[in-house]
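# Descriptive structure summary
Each chain, letter by letter, is given below.
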Amino acid sequence: MPQPDCLDGVDVPADWADAARRICRSGFGRVLILGPADVGKSTFARFLMKAARNVDRRAALVDADVGQKTVGPPACVTLGYLDGDTPVLSSLAFVGTTNPVHGWQRLIQGVGRMIDTADADLVVVNTGGLLAGPGRRLKAAKIAAAQPDLLVVLGHDPMLESILCDNERRPSLRLAPSPQARRKTDAERRAARRAAFRRYFENASLRSVRTDRLQIEGGPAPGIAPPERLLVGLADAGGRDLALAIVAAARPETGVLDLLMPEIREQPARLIRGAIFLDANFAERQSAATV
């Protein structure tokens, strides 16, 4: 089958093409990608989706990295499909934090919901780079939620061996890291999150909603209007996530919240408080209570 030998100008290792060929021909329906930070997991996910399209398979990406996103905004598990060579956001599950350990429950629930939502015969699940300590337990929970047919492992880390031992009955495939992958600094990671939030809210506008028409959840005081600049999630009455919003103004005396949010057709019925504040430039400035 035809195979791209590069992606966005990035040359890919030879074993990536062989792996994509095997995965696409084998009939694997769910593939979960593991590896430490900055080894090319996101690049391989996009490469695999592109290879699947070349053989007329419809691929979806479930991005379970809440900090460094391939598709959609941080603080969410996101679902995307290729538009050209780029995965474009289709739906999301609000986690409320960019710390995967703090957002553990919502993160795992979100992985399951996004997989169930995916309209594809190949679902690629990309994960974050946290492997040690709680990372091992978190990866176990993600694998349990995703139930992948295949684990794809990029790079080298002692904890990867432990995770594979925990899943010795599940097929796995070891691949070389991207030759152009490099370790990002904390400043670069913050800048990437800020850019992702900015893209998400690029066409957002202010919308006033009445608090008596919203079920306000989460945080230290459920039911109490959230403070200004807090990142929140909006959901329908059934709990399906609709969008993210930033609290622009809280007016408790009138029972009104002004929310900066993208255009959505549905009327939100639930507001879930997140655990981070975003300033006017979409940078994270302080933390709220853990979600």
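Just so it is clear, the structure is predicted and the values come from calculations on it, not from any experiment.

With that settled, the discussion passes to helix α1 (residues 14-26). Counting along an α-helix, one turn takes 3.6 residues, and residues three or four places apart therefore face a common direction. The end-to-end C-alpha separation of α1 is 19 Å, in line with the 18 Å expected for 13 residues at 1.5 Å each. On its buried side, α1 packs onto β3 (30-34), α2 (41-54), β7 (122-126), β8 (150-154) and β9 (172-175). Remark: G27 follows α1 within two positions and exhibits a positive phi of approximately 90 degrees.

Here we come to the packing of helix α4 (residues 134-146) against helix α5 (residues 158-166). α5 packs onto α4 with a crossing angle of 40 degrees between their chain directions and a minimal axis gap of 10 Å. The angle between α4 and α5 falls in the class oblique. Here the hand of the crossing between α4 and α5 comes out right-handed. Contact residues: α4 offers R136, K139 and I143, while α5 offers M159, S162, I163 and D166. Residue composition of the contact of α4 with α5, by class: 3 nonpolar, 1 polar and 3 charged.

Before going further, it helps to examine the side chain of T127. Mapping T127 onto the fold places it in the loop between β7 and α4. A polar side-chain atom of T127 sits 2.6 Å from the main-chain carbonyl oxygen of I33. If near-sequence neighbours (up to four positions away) are discounted, T127 is found in contact with L32, I33, L34, K41, D65, K139 and K142.

A word on the sheet that holds strand β5 (residues 76-83). Taken in spatial order, the 7 strands line up as β6-β5-β4-β7-β3-β8-β9 in an open sheet, and their pairing is mixed. The open sheet has two edge strands, β6 (86-94) and β9, and neither has a second partner. Taking the axes of each pair of neighbouring strands and ignoring which way they run, one obtains an average angle of 20 degrees across the sheet. Examined bridge by bridge, β5 and β6 share 8 bridges and lie antiparallel to one another.

What follows concerns the environment of G27. Structurally, G27 can be placed in the loop between α1 and β3. By relative accessible area, which is 54% here, G27 ends up exposed. The sequence separation of G27 and D149 amounts to 122 residues, and the corresponding C-alpha distance is 9.4 Å.

Before going further, it helps to spend a moment on the pattern of salt bridges. One pass over the structure, following the stated rule, counts 19 salt bridges. Counted as one network, the salt bridges with shared partners bring together D38, K184 and R189.

A separate point is the nonpolar core. One finds F197, F201, L231, L244, I246, L259 and L271 to be the most contacted residues of the largest nonpolar core, which totals 33 residues. For this core, the secondary structure elements donating two or more residues are β6, α6 (186-200), β12 (230-235), β13 (241-251), β14 (256-261) and β15 (270-278). Ranked by residues supplied to this core, first place goes to β13 with 6 residues. Not counting the four nearest positions on each side in its chain, L271 is found in contact with L214, Q215, I216, E217, P226, V232, G233, L234, L257 and L259.

Our focus in this paragraph is unusual backbone geometry. Even without being glycine, D56 reaches a positive phi, approximately 65 degrees. Its place among the elements puts D56 in the loop between α2 and β4 (59-63). On the basis of relative accessibility, which here comes to 73%, the residue D56 falls in the exposed class.

For the rest of this paragraph, the subject is the packing of α1 against α2. Following both chains from N to C, one finds α1 and α2 inclined at 50 degrees, their axes separated by 9 Å at the closest point. Classified by the angle their axes make, α1 and α2 are oblique. Here α1 and α2 pass one another in a crossing that is right-handed. Together, W16, A17, A19, A20, I23 and C24 of α1 and T43, F44, F47, L48, A51 and A52 of α2 make up the contact between the two elements. Tallied by class, residues from the contact of α1 with α2 come to 11 nonpolar, 1 polar and no charged.

What follows deals with the packing of aromatic side chains. Applying the stated rule across the entire model yields 4 aromatic pairs. Measuring from ring centre to ring centre gives 5.3 Å for W16 and F44, while their planes differ by 80 degrees; the resulting arrangement is edge-to-face. Of the two residues, W16 is situated in helix α1 and F44 in helix α2; the sequence distance between them amounts to 28 residues. Taken as a pair, W16 and F44 share a single burial class, namely buried. Seen from their ring centres, W16 and F47 are 6.2 Å apart, and the 55 degrees between their planes marks the pair as tilted. Pair noted here: W16 is in helix α1 and F47 is in helix α2, with a separation of 31 residues, a long-range link.

The rules we used
- Residues numbered from 1 in each chain as written.
- Predicted model: local features only at pLDDT ≥ 70, side-chain atom pairs only at ≥ 80, totals over all residues.
- Heavy atoms only, no water.
- Helix = DSSP H or I, 4+ residues; strand = E, 2+ residues; numbered from the N terminus.
- Expected span 1.5 Å × (residues − 1).
- Contact = heavy atoms within 4.5 Å.
- Axes fitted to C-alpha atoms, helices over the stretch in contact; angles between N-to-C directions.
- Parallel < 35°, antiparallel > 145°, perpendicular 65-115°, else oblique.
- Left-handed = near helix turned anticlockwise from the far one by under 90°.
- Nonpolar A, V, L, I, M, F, W, Y, C, P; charged D, E, K, R; others polar.
- Polar contact = N/O pair within 3.5 Å; in protein donor to acceptor, adjacent residues only side chain to side chain.
- Pairing = 2+ DSSP bridges.
- Buried < 20%, exposed > 50% of the residue type's maximum accessible area, 1.4 Å probe, protein only.
- Salt bridge = Lys/Arg side-chain N within 4 Å of Asp/Glu carboxyl O.
- Core = buried A, V, L, I, M, F, W, Y, C linked by side-chain atoms within 4.5 Å.
- Phe/Tyr/Trp six-rings, centres within 6.5 Å; stacked < 30°, edge-to-face > 60°.

Everything listed here is a matter of coordinates, which is why it stays silent on function.
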